[in-house]
Amino acid sequence: MHLLFASWSLVILHALLILLIAQGNSARKIPIANGNEDHLLLTTHDHDHSSYPSSSHMNHMDDPALNVFFNPEDLRLGKTMPIYFSKKDPSLSPKLLPKQEADSIPFSISNLPYLLEFFSFPQDSPQAKAIAYTLTQCDLEPTKGESKFCATSLESMLDFASAQFGSNTQLKVLTTSPLSNSATLLQNYTVLEPPKEILAPRMIACHTMPYPYAVFYCHSQESENWLYQVFLGGENGERIDAAAVCHMDTSQWDRSHVAFQVLGAEPGTSPVCHFFPSDNLGWVPFPT
Ligand SMILES: *[C@@H]1O[C@H](CO)[C@@H](O)[C@H](O)[C@H]1NC(C)=O
């Protein structure tokens with residue numbers, strides 16, 4: 001499992017680097033994917049249930065995407081539970097920009113009017129709302145004990161991680177393998193191997209945000225997290241090597257966080273665990 005996990009990390013990193021290099025060779029214009037801006041529309045699934053307090057309109061308890069939360073006791077060999085994994089067409093994903101190019105574009109809510117003109121989105125369009133949402137989230141001050149950073153390039157994501165862990169620390173990335181094309185989004189999965197615990201004093205979680213190019217919302221909490229790589233088997237034969245985290249101290253979380261409703265818990269009374277969607281990255285020091 002360890003080797004499988006390590007090689008997955010490499011595959012992801014390679015994919016990112018290849019994307020980056022491909023981008024470096026492309027024309028100067030901002031590559032909004034093939035004129036398709038669906039990825040820019042805010043949906044419940046883009047919204048990261050796992051890290052932000054929910055806002056009411058995204059808070060439907062019948063949303064299948066809420067099947068990502070679980071209790072630490074669920075993480076045992078043979079356990080079966082319904083889990084939702086999202087499926088995103090990589091060709092529609094926003095493109096990673098090389099750092100130099102990303103740094104040449106302002107990235108702040110105060111530049112919103114300029115940016116809407118720059119990307120050619122009308123002020124009241126859904127895309128404009130998504131851009132405003134992302135810039136607002138990225139401009140928020142970190143909460144107590146939190147470090148956060150919105151990375152607009154792979155280099156700046158790695159710079160942030162290095163700054164957090166120390167520049168001499170090697171980094172390992174935790175990811176969830178992508179869903180195959182035939183898989184259903186929500187199905188019962190069984191834990192097929194003993195969950196592998198990854199001992200790391202600290203993790204930086206990076207989530208993709210809706211934006212015309214790839215933006216990662218990266219943050220790191222000082223409180224205790226338990227990290228796992230879990231090998232799951234779906235009812236239809238799907239195999240997923242999933243990254244999962246258990247937040248052991250939820251006492252500082254907003255009472256309205258959707259995880260508490262899903263698990264029937266309250267802030268501080270019980271840990272909240274969740275699986276990573278496949279477009280999230282968890283950075284930990286290596287060796288841990
Ligand atoms: C998972 O299995 C349970 C028990 O067999 C069943 O009631 C439930 O509908 C299944 N859920 C999904 C999403 O298939």
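Above this text you will find the structure in question.
Worth saying up front: this structure is predicted, and the values here are computed from it rather than measured.

### Quick notes on the packing of aromatic side chains
Phase 1 of the analysis: Tallied over the entire structure, the rule returns eleven aromatic pairs.
Phase 2 of the analysis: Summarising the aromatic geometry, the rings of F149 and F160 are spaced 5.2 Å apart at their centres and angled 20° between planes, so their arrangement reads as stacked. In this pair, F149 sits in strand β3 (residues 146-151) while F160 sits in helix α5 (residues 154-165), placing the two residues eleven residues apart along the sequence.
Phase 3 of the analysis: A relative accessible area of 31% means that F149 is categorised as partly exposed.
Phase 4 of the analysis: Residue class for F160 comes out buried when judged on its relative accessible area of 10%.
Phase 5 of the analysis: Relative to Y213, the ring of Y211 has its centre 5.1 Å away and its plane inclined at 90°; by these criteria the two rings are edge-to-face.
Phase 6 of the analysis: A residue is classified by how much of its surface remains accessible, and Y213, at 0% relative accessible area, is buried.
Phase 7 of the analysis: Put simply, the rings of F107, Y114, F118, F119, Y211 and Y213 touch in pairs and so form one group of aromatic residues.

### Some remarks on the sheet that holds strand β12 (residues 281-286)
Phase 1 of the analysis: Pairing within the open sheet is antiparallel, and its five strands lie in the order β3-β8-β7-β12-β4. Edge positions in the sheet fall to β3 and β4 (170-174), since each has one partner strand and no second. Going across the sheet, the axis of each strand differs from the next one's by a mean of 25°, ignoring polarity.
Phase 2 of the analysis: The pairing of β4 with β12 spans five bridges and is classified as antiparallel. Bridging across to β12, L171 finds its partner in P285.
Phase 3 of the analysis: Packed on one face of the sheet, helix α4 (residues 126-139) meets β3, β7 (204-209) and β8 (215-221) and runs near 145° to β3.
Phase 4 of the analysis: Sheet strands touched by α5: β3, β4, β7, β8 and β12. Its angle to β3, the strand with the most contacts, is close to 160°.

### Describing the site of the ligand
Phase 1 of the analysis: Taken together, L186, N188 and E235 make up the full set of residues adjacent to the ligand.
Phase 2 of the analysis: Within the side chain of N188, an N or O atom sits 2.3 Å from an oxygen atom of the ligand.
Phase 3 of the analysis: For the ligand, whose unbound accessible area comes to 360 Å², protein coverage reaches 33%.

### Thoughts on the side chain of Q187
Phase 1 of the analysis: Inspection of the secondary structure assignment puts Q187 in strand β5 (residues 186-191).
Phase 2 of the analysis: In this structure the side chain of Q187 is engaged in a polar contact, spanning 3.5 Å, whose partner is the side chain of Y189.
Phase 3 of the analysis: Within the structure, Q187 has its side chain in polar contact with the side chain of N236 (distance 3.2 Å).
Phase 4 of the analysis: Other than its neighbours up to four places away in sequence, Q187 contacts M81, P82, I83, G234, E235, N236 and E238.

### Re the nonpolar core
Phase 1 of the analysis: Core analysis: the biggest nonpolar cluster contains 20 residues, and F119, I131, Y211 and Y213 have the highest contact counts within it.
Phase 2 of the analysis: Contributing elements (two or more residues each) for this core: α3 (112-119), α4 and β8.
Phase 3 of the analysis: With six residues, α4 is the single largest residue contributor to this core.
Phase 4 of the analysis: Counting residues in hydrophobic clusters, the runner-up holds 18 residues, among them M81, L179, Y228 and L232.

What counts as what
- Residues numbered from 1 in each chain as written.
- Predicted model: local features only at pLDDT ≥ 70, side-chain atom pairs only at ≥ 80, totals over all residues.
- Heavy atoms only, no water.
- Phe/Tyr/Trp six-rings, centres within 6.5 Å; stacked < 30°, edge-to-face > 60°.
- Helix = DSSP H or I, 4+ residues; strand = E, 2+ residues; numbered from the N terminus.
- Buried < 20%, exposed > 50% of the residue type's maximum accessible area, 1.4 Å probe, protein only.
- Pairing = 2+ DSSP bridges.
- Axes fitted to C-alpha atoms, helices over the stretch in contact; angles between N-to-C directions.
- Contact = heavy atoms within 4.5 Å.
- Near = heavy atom within 4 Å.
- Polar contact = N/O pair within 3.5 Å; in protein donor to acceptor, adjacent residues only side chain to side chain.
- Areas by Shrake-Rupley, 256 points an atom, 1.4 Å probe, with all protein chains shown as cover.
- Core = buried A, V, L, I, M, F, W, Y, C linked by side-chain atoms within 4.5 Å.

Functional significance is not addressed by these values, which are geometric in nature.
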